[in-house]
Amino acid sequence: MCGIFFCYTKDTKIIEKYKNNKEILISEIMSRGPDHLGEVIDKNILAAHTLLSITGYKEQPVQNDRYITLFNGEIYNDYMGYNEKYSDTEFLQNFIDKKGLQNFDELEGEYAIVVYDKKENSITLATDTFNTKPLYYQITESAILIATFEEIVKKFELGNSPIRRVPVNKIITFDLKDLTVKSFKEIFQFDFGKQNKNSFEDWNIALEKSILRRTQNTKHPLFLPLSSGHDSGLIASEMLRLDIPFRAYCFFEGEDQKTLQDRIRVLSKKGVPVNVLEPSDHEIERSKLDLLANVEMIEFKNNLTPTKTFPITDFRLIDGTLCANILCKAARQAGELIGLFGNGGDEIYSDFYYPPPSNNGWSNVAGDWYSQVGPWPNFQGGWNEIFLKASDRICSHNSVEGRFPLLDRWVVQEFLYLHPRLKSINYKAPLTNKLIENNFPLF
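Since the model is a prediction, treat every value here as computed from it, not as a measurement.

A.B. asks: For this particular structure, what's the right way to read the overall build of the protein chain?
C.D. replies: Along the backbone of the protein chain there are 14 helices and 17 strands. Relative to the compact-globule value of 22 Å for 443 residues, the protein chain shows a C-alpha radius of gyration of 22 Å, a close match. Dimensions of the protein chain, computed from the C-alpha atoms along their principal axes, are close to 60 × 50 × 45 Å. With the model as given, the accessible surface of the protein chain reaches about 18300 Å², and the carbon-plus-sulfur share is 49%.

Below is the structure:
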């Protein structure tokens, strides 16, 4: 979890504006990276990076004779080799030095990357398979601004040209001579056509690898928001099975009481600490005021499924968000800086489908996996994008990092490989199967 700001400009007033007002202009990424503010400032180039040190300690921007690199997130390719002197940032820089900027399909991780190529006079932007880390940009006749958050770009007041989010799972290169697109391509291509696996075995193996990538050889303790649902329950059960230390945090409000109590009992018996949070009305109100004052609004409204939405669309006012803010603050105070979140469970493995008369109006697949031969609206966009934005904002505000094992691209690909019959055999079929296999309480 880090913050990124980059500017290439032919108007030096932009750089001067940054120098004189940076505490205000990039304030939104300061909590995202409280450990260090790194800068590279030249005649036409400004690169700033706020660091939350999660893997090793490598200050950014990273600069060599050819590249200036800014990186937010985690790269897991060499996760067991990382240490205080060699982190995923070093891995990424070595990777770019060796393979250039057109092989990002080989990267395993959750990331947003910005690379300035001095030799080619170009800037390359890349995001991971599900856009778990935000990255925005604006181009004018004389400048390109890039930042983790849209509101940072807005503060520079560069006119009416649109501010765009880097599209999911894409790598874009801009030619800085004339600020035009030099190349644009997809990083990883999912295979929706091969749906012939008749066992959950390969999905189970992919899930285990995903959990291990995100939990092994970490320098900070792990935490898990635990509910009575499938997604957090599955992650908890796998971490328990793999003997991975973590702390669980939970709220009883809005959950199936018996399932959650049973899960707490199982975890506690195995020595996993569980903090049951029972915030008072005053604490809930304080959480709301904190978010309203310090976090930009995300609209919980999805035009792709207009028949179903939240009665309250400002995510800062929704009970689950207020509780998530309290939970992340508790984890941060305990020194637990890496959270395992269940994003993707609803969006990928059921597309929010519950048999009628429940709220299946959220779903485009509607339980029909036989005719699904391509990405559905909530696969990389829709509610997946909206809820990831919300999770990222809450983590960013509290200086913790969110990781998303159910959105690992190989776990998702193995789900797509499953025969439609197997996808449909149970609600969130591979998750249900694994929870039963792990003998973990299931709602």
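A.B. asks: It is not clear to me how the sheet that holds strand S4 (residues 62–63) should be interpreted in this structure. Could you clarify?
C.D. replies: Strands in a sheet are paired, the pairing made by backbone hydrogen bonds, and the direction either parallel or antiparallel. Taking strand neighbours across the sheet as the criterion, the six strands line up as S4-S5-S6-S7-S11-S12 in an open arrangement whose pairing is antiparallel. Edge positions in the sheet fall to S4 and strand S12 (180–186), since each of these pairs with one other strand and no more. Where strand S11 (residues 170–175) lies against S12, six bridges are found, and the strand directions are antiparallel. If you follow isoleucine 171 over to S12, its bridge partner there is lysine 185.

A.B. asks: Just to check I follow, could you spell out the sheet that holds strand S1 (residues 2–9) for this structure?
C.D. replies: If you walk across this open sheet you meet the six strands as S2-S3-S1-S9-S8-S10, and the pairing is antiparallel. At either end of the open sheet lies a strand with only one pairing partner, and these are strand S2 (36–41) and strand S10 (163–165). Along the sheet, successive strands turn relative to each other by an average axial angle of 10°, direction set aside. Sitting on the sheet, helix H1 (residues 12–25) is in contact with S1, S2, strand S3 (45–51) and strand S9 (143–147), with an inclination near 155° to S2.

A.B. asks: Would you mind showing me how to read unusual backbone geometry here?
C.D. replies: Note: most residues except glycine have negative phi, and most peptide bonds are trans. Of the consecutive residues glutamine 60 and proline 61, the connecting peptide bond is found in the cis state with omega at 0°. Within the secondary structure, proline 61 sits in the loop between S3 and S4. For aspartate 351, which is not a glycine, the phi torsion comes out positive at approximately 50°. Following the sequence through the fold, aspartate 351 ends up in the loop between helix H9 (345–349) and helix H10 (377–380).

A.B. asks: Sorry, what's going on with helix H7 (residues 281–294) here?
C.D. replies: In an α-helix, one full turn covers 3.6 residues, which means residues spaced three or four apart are oriented alike. For H7, spanning 14 residues, the distance from its first C-alpha to its last is 20 Å, which sits close to the expected 20 Å at 1.5 Å a residue. Those residues of H7 lying buried are Ser287, Asp290 and Leu291. Down the axis of H7, the buried set is contained in an arc of 95°. They therefore lie on one face. The exposed residues of H7 that point more than 90 degrees off its buried face are Asp281, His282, Arg286 and Ala293. Buried positions along H7 lie against helix H8 (319–333) and helix H11 (382–397).

A.B. asks: Is there a simple way to think about the layout of surface pockets in this case?
C.D. replies: If you roll a probe as big as a water molecule over the atoms, it shows you where there is empty space left. For the largest pocket, the calculated volume is near 1600 Å³. Taken together, 43 residues make up the lining of the largest pocket; nearest its centre are Ser227, Asp231, Glu255, Gly320 and Asp346. Put simply, the parts of the chain that give the lining of the largest pocket at least two residues each are helix H5 (230–241), strand S14 (247–250), H8, H9 and H11. Ranked by residues supplied to the lining of the largest pocket, first place goes to H8 with six residues. Residue composition of the lining of the largest pocket, grouped by class: 23 nonpolar, 14 polar and six charged.

Scoring rules and cut-offs
Residues numbered from 1 in each chain as written. Predicted model: local features only at pLDDT ≥ 70, side-chain atom pairs only at ≥ 80, totals over all residues. Heavy atoms only, no water. Helix = DSSP H or I, 4+ residues; strand = E, 2+ residues; numbered from the N terminus. Rg over C-alpha atoms; globule rule 2.2 N^0.38 Å. Areas by Shrake-Rupley, 256 points an atom, 1.4 Å probe, with all protein chains shown as cover. Pairing = 2+ DSSP bridges. Axes fitted to C-alpha atoms, helices over the stretch in contact; angles between N-to-C directions. Contact = heavy atoms within 4.5 Å. Expected span 1.5 Å × (residues − 1). Buried < 20%, exposed > 50% of the residue type's maximum accessible area, 1.4 Å probe, protein only. Arc of directions from axis to C-beta. 1 Å grid on protein atoms, 1.4 Å probe; cavity = no way out; pocket = protein on both sides within 12 Å on 5 of 7 lines; lining within 4 Å. Points joined across faces, edges and corners; volume = space filled by probe spheres on them. Nonpolar A, V, L, I, M, F, W, Y, C, P; charged D, E, K, R; others polar.

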